[in-house]
Each structure stands twice: as structure tokens, then as C-alpha cells.
2 protein chains.
Amino acid sequence: MPNPDPNPFTNTNRRPAVDGPFHAHEVGLALRNSGILLEALRHEVTPAGLHYLLSHFDVPYVPDGTWQVEIAGRVRRPGTIALEEIKRLPSRTLRVTLECAGNGRAAMTPRYPSMPWGHEAVSTAEWTGTPLRHVLERAELLDDAMEIAFLAIDRGFDRGHEHAYGRSLLRPTALGEDVLLVWAMNGAPLLPQHGYPLRLIVPGWYGMASVKWLARIEARAEPYDGFQQVSTYRYRPVPEGPATPVTHMRVKSLLVPPGIPDFYTRRRMVEAGPVAVFGRAWSGGGTPIARVQLGVDGHWQDAHLDPPQGRYAWCGWHALWRAHVGEHELSCRATDAAGETQPLTQRWDSGGFGNNAVQRVEVTAR
Amino acid sequence: MPNPDPNPFTNTNRRPAVDGPFHAHEVGLALRNSGILLEALRHEVTPAGLHYLLSHFDVPYVPDGTWQVEIAGRVRRPGTIALEEIKRLPSRTLRVTLECAGNGRAAMTPRYPSMPWGHEAVSTAEWTGTPLRHVLERAELLDDAMEIAFLAIDRGFDRGHEHAYGRSLLRPTALGEDVLLVWAMNGAPLLPQHGYPLRLIVPGWYGMASVKWLARIEARAEPYDGFQQVSTYRYRPVPEGPATPVTHMRVKSLLVPPGIPDFYTRRRMVEAGPVAVFGRAWSGGGTPIARVQLGVDGHWQDAHLDPPQGRYAWCGWHALWRAHVGEHELSCRATDAAGETQPLTQRWDSGGFGNNAVQRVEVTAR
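Since we're looking at a predicted model, the values are computed, not measured.

**Q** Go over the relation of the copies chain A and chain B with me, naming the residues and quoting the values.
**A** When chain A is fitted to chain B, the best match, at an RMSD of 0.0 Å, comes from turning it 180° and sliding it 0.0 Å along the axis. What the rotation and shift describe, once combined, is the action of a two-fold rotation axis. Of the C-alpha atoms belonging to chain A, the one lying closest to the rotation axis is found on Gly-49 of chain A, 1.6 Å away.

**Q** Before we move on, can you summarise the sheet that holds strand β19 (residues 304-305) of chain B with the specific residues and values?
**A** Residue and element names in this part refer to chain B. Here we have 4 strands laid out as an open sheet, ordered β13-β16-β20-β19, and antiparallel in their pairing. Looking at which strands have only one partner, the edges of the open sheet turn out to be β13 (252-255) and β19. Sheet topology places β19 next to strand β20 (residues 315-323); 2 bridges connect them, and they run antiparallel. Bridged to Leu-305 within β20 is Trp-317.

**Q** Let's hear about the pairing of β13 of chain B: which residues, and what values?
**A** All names here are of chain B. Of the two faces of β13, both are covered, the one formed by Lys-252 and Leu-254 as well as the one formed by Ser-253 and Leu-255. Strand direction decides the pairing type here: β13 and strand β16 (residues 273-282), joined by 4 bridges, are antiparallel. For Lys-252, the partnering residue across the bridge sits in β16 and is Trp-282.

**Q** Before we move on, could you go through the sheet that holds strand β18 (residues 299-302) of chain A and cite the residues and values that matter?
**A** Residues and elements named next belong to chain A. Taken together, the 6 strands give an open sheet; going across it, the order is β14-β15-β22-β21-β17-β18, and neighbouring strands pair in mixed fashion. Each end of this open sheet is capped by a strand with a single partner; those strands are β14 (260-261) and β18. Of the pairings in the sheet, the one linking strand β15 (residues 268-270) to strand β22 (residues 360-365) comprises 3 bridges and is parallel in character. Its bridge partner lying in β22, Met-269 is registered against Thr-364.

**Q** Could you give an account of the pairing of strand β1 (residues 68-73) of chain A, naming the residues involved and the relevant values?
**A** Where β1 of chain A meets strand β2 (residues 79-82) of chain A, 4 bridges bridge the pair, whose relative direction is antiparallel. Each bridged residue has a counterpart across the sheet, and for Val-69 of chain A the counterpart in β2 of chain A is Ile-81 of chain A.

**Q** Any details on the packing of aromatic side chains? Residues and values, ideally.
**A** Taken as a whole, this structure holds 8 aromatic pairs over all chains when the rule is applied. Here the aromatic rings of Tyr-52 of chain B and Trp-117 of chain B are separated by 6.1 Å at their centres, their planes lie at 85°, and the arrangement is edge-to-face. Here Tyr-52 of chain B is found in the loop between α1 (24-32) and β1 (68-73), whereas its partner Trp-117 of chain B is found in the loop between β3 (92-99) and β4 (122-131), with 65 residues between them in sequence. No difference in accessibility class separates Tyr-52 of chain B from Trp-117 of chain B, as the two residues are buried. Seen from the ring of Phe-22 of chain A, Arg-111 of chain A lies directly overhead, with NZ or CZ sitting 3.7 Å from the centre.

Parameters at a glance
Residues numbered from 1 in each chain as written. Chains lettered and ligands numbered in written order. Predicted model: local features only at pLDDT ≥ 70, side-chain atom pairs only at ≥ 80, totals over all residues. Heavy atoms only, no water. Least-squares fit on C-alpha atoms with pLDDT ≥ 70 in both. Pairing = 2+ DSSP bridges. Helix = DSSP H or I, 4+ residues; strand = E, 2+ residues; numbered from the N terminus. Buried < 20%, exposed > 50% of the residue type's maximum accessible area, 1.4 Å probe, protein only. Phe/Tyr/Trp six-rings, centres within 6.5 Å; stacked < 30°, edge-to-face > 60°. Lys NZ or Arg CZ within 6 Å of the ring centre and 35° of its normal.

Given below as C-alpha cells:
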């Protein structure tokens, strides 16, 4: 039998999938990282402190002061740019729904031992910053710069690899008008845990692309091969098999569990009769939501969609459920304008990424 | 064998203690409730969104608007008082460290199945509000009013009992100058999850006393017997045995884990040599911290205490660790001015309350 807890600083093996009860390390990650409370889906823009949060390593302690970003690699004018200088470039505010690529991991059977998200790793905020392209244009990308890498200051080990968090984007993506260097969230300075003083926001993508605590931008003629780019955040149907990069969010919807909960099990109780059910739906890459259905005990009815709140923001929806006394299962299913629909059962991935299966909520009506 | 998941709406039994891996319901609670990130102990006042949070039921959705509190029971002038009226009474701002009474529960063996806190359910904020006594004096307590009960709007089931969250204080405690009706946190309006628009803050007590979403204040000639007062938040060495109410926080200290972490196990790696170790210590009831010791592999050295930041706020401390290459265990131990010292091993309680045993952090030096 293998050592259940080999040296984490040297062991490069993938952790084997597990089933059933949760390991203390999974609980440790659940205690560190936080999701939205599903009842807070009522808020169009997620209030401070309720936005989901996934940090691989420690949240850096950055006392107030100067911050600068190094611009390096395949540019004509390498150097540093001060945050204050970045703030003087033209800025935009975008309402963006972000979701962790591992959202839904704990609902998979078996599951990859990592952050055991249920459905709560999604939120919406208004991000203010300057389009990254302004900084890249100032630095003058060389013709062979095919990728832009983003390096942060949070550092640690993962599967035996010591590294600072880093990700890259292909040049055409990085030059898009909506990729932002961000210093404000919901009209206030970034909170420490959301990347203070400067972070990247890549709308339409899963959250791993939106690098926090950004310290270095590197134009590259070769693909970026950092751990977070090539060794994780890849869809792998088989643990050591072929891999596809995780990019845009998949279509998904959630509902606010109606009624009142039981403290420990979170089972729900409602009064029989008409129950207003409310939720949100979103997809990736700026694709609008075309349809949301509310499922009651396996029967589907169309929900009403609220007016869109921006290309990258989730879409509110509501439906009326006439609840009869007894036990029920509610669910919801979104379809986007590209015709993608949420699967009814788990979408398996060996690393626990991209599971956009429908949420199911058990409710007792009395 | 008992049904592992009986009807939560009717089953009034205490859950049996467990050991080893964690149940999905415990993980569900860890996903809903959030602790401070230990590295955020660096901040004297915990930034928004990093303050620990324990909500028994759903966080109420309170759209902006009017709010009023009902004053009832053994008072000469019952009625309602509007929040805007409360805000016109004299106000104070207090820096207060709050800790959940269940902090340290997951470190107990065996443990009670509930919110599986490690050490992270503690934070410090600046709370602005009016002393409760101003409102009680306006209402004119009758002579036989021996307890003041505080009823909130969050509602649900716990061990088969349906109730809104409520707690009480004895009259002399409630009339203390430092018990506040609070509408602002760290200079900003209360966040929804911290009790918007009005909550109680009872400095020096574990967090359960500081009722959020406060809607009703009831002066009573008889003891308040709500579920959260009599059926939980009691120290019980034996599950069905005699019980003592949970009140003031016990003396405790934490350290910021030094170095860098491994993502999954959170094991720490530091460079050998001098390592500055930083932490916080606090006690209950306004008792100051007298001493903090840093433990390295079981050897204790005195830490330096920072100047106090108020009667109810934690106290910073720091110490120097000369790390030699190899495996180490760091710990810290506080003693308060009343002579209470943290125990080195778990302080057993059948409900998982009040475990102020020392934190232990495994660190590799290279």
C-alpha cells in the first residue's frame, strides 16, 4: 500500500481519485477557499466578501506602497511600468462573471482530491482596469511574440513543483479589448485576497486565467510551460492520457435553494403552494444565455430570463413552482446561444474540471 | 445500524461523535462558512471578506430600505424603533476580536459533526453602533426584567427544532457600555453576511452572542429558552450530561505559518536561518494577554508583545526562530492576565466548543 501522505515537496505523482468521505486535506482547502452563498445569487453584483475565492498559495501581504510590473521577453521596449502609470492609461469597467474551473468537483464520482467545490465557485463583480493591450502596445511586441505570460508573486509547491503562480494567453487573446489589468473591484480598491494591488481579468474564461498579484508580463516566442499552464487546468478523461487546455467557462445555471434550511444537512423546507424560484445562468466566451428550464421532479418548464446585464455577466431567471406537499427535487438547466446545454449527469474529468452538470436541490413541501 | 441520514426536520437526536474522514455535510458547512486565512493575521484589522463567518441558516436578502426593531416584553414602553432613530443615538466604535465558539472543533478526536473549523474562526473588526443600553433605557426596563433576548430573522431547523436564531444576555451584561447595536463595520455599512442592516456585538464573548439581522429585543422575567441558548452553545463533557453555558472567549494564540505552502497539504517550507514568526493572541471578557511563547520542537521561548490595540482586540506578537535544516513543529501558547494558559492538548467537549489547545504547524527548513 502506498504511503498515504508522501513528502509533498518531492512527490510529483498525481493523487489517485477517491470516493466517499473527505480527506482532512480536502477540508483544509474548503476552509481556506470560499464560495458564494447560493442565497447571494439574489445580488446582481456579488457583495464584497461573498465573491468566490480560490488561492493556490498564501494571499501575499502587500503593505500599501509602490507596485510595478516588469515587462520582459519579446518586446522592443522591455522595462518596468509603475501601477500609477498603468492607472493613467484609458480605463474601463466590466461586469464579469467568474467561475472556478474546479466548480462541481465534489459532485463527481469518483473525485480528484483537491478543492472540493460543490456549486458555489461562481460570482460576479465589476472590475475596473486598463485593457492589457495598452501596456503591450507601449512595450511594442516583436513579431515572434506568440504568447503573453503573466507571473504573480504567490509562490509554493504543487505535486512536487515549486513555482510562482503563472498563466499565459495567446497573443490575439491578450490583445482583445476586454482583457484588463485591474486595480478596482465593485468601485473599491482590490481586496488583498482578490489580487491587490493589480490583477488580470480575462472575461469569459474560467478563473485560473485571471492571474492575481501580477508582477511580470512576459512576451514569448515559445509556449509558456509553467506548472499551472501545462500540468493542471487541462481536461484529461484519463489521468495520464491526452489533455485539452481549460479555457472558456461552460454553460451553467444555479438556483437559490427556496424555503428554509436545516443547519447540518442544508435540506430545504417550503410551504406548499406557489413558490417563486430564482437563479442565474451564464456561459463562456461572451456567449449569451438562450434558455433556462426549471426542473421539478424531472419535469422541465421554461423559466423567464431577466434582461442581460452585459456580455460577460450572468443572466437572472425566475420561474413559478406550484409545490405540492411531499418530497421534491428541483434542478435547472441552461442552454446558450451556441446551442450548448448542461448535461443531466456529471461530466467526468480526472482533475475535476469543467463539471457543468445540473444542480439538484432536495426540498420538502409541507 | 441507525439510519445514517434520518429526516432532519423531525430527528431531535444529537449526532454521534465521529473520527477520521469527513462527512459530505461537514464539507458542505465548510464551503458555506469561511474562516480567516491565517496569513491575514498580519492585518491588525481583518480586511472585508476575510473576517470569519458562521451563519446557521441562510443569509437574509435585505434590499435597501427601512428596518425597525421591535422592543417587547417587560418594558414600560414597548413598541418599535427605526434603525434611523437608533443611528441618531450616541455611537461608539470598538475594535473587537470575535471568535466562533466552535473554533478548533475539527482538531478534536473524536469530533462532533458540525462546522469543522480548524483554527481560522477568529477575526478583528471595528464595529460602530450605539450602546444597547440607550435603547433599553428609552424603553424603561421593568424591575423584573432579568434577561434580554435578541431575535433575528434568519430561520431554519436544527436537530428537529424550527426556530429563528436568538440568544439572550443577563440584564447587567446587556446594560454594559460595550454591548453595541451595530450598523457599520470597518467604517462601511454592514455587509449582508455580517448582519446588514443591524446586529448586536458583545465584546469579549464568543461570536454566538453577537446576533446578526436583529429584529426583536425582548425583556424577560423568565430565562430565554430558545434552541441556540439552551440546546447548543453549552459545554458538555458528556453528550447528554450536565451543561455549562458558553460565554467569554478562552485565551488563545495563533501564528502565521511561515515560508511557502504546498497547495494540497498546506505543509510549509522555509529557508534555514533566521525566520521572523508573527502571530496574534487574545482572551475573553476584556482580559489582557500577559505572555506569548513560541514553541519550536517542544522548546518554548518568550515572544515580544506588540502594544495593545484596545481592550477587546487581539494583541500582535513576534519572535525569531533560528531554523536548522530539517523537520520542525512550531506552536504558540498564550497566557492572559488572569493566569489562564492554553492547554497543550485538546480540551474535550462533546459539541466541539471552546477548544483553545495550541496550534501546531509542521515546517520543513531547507
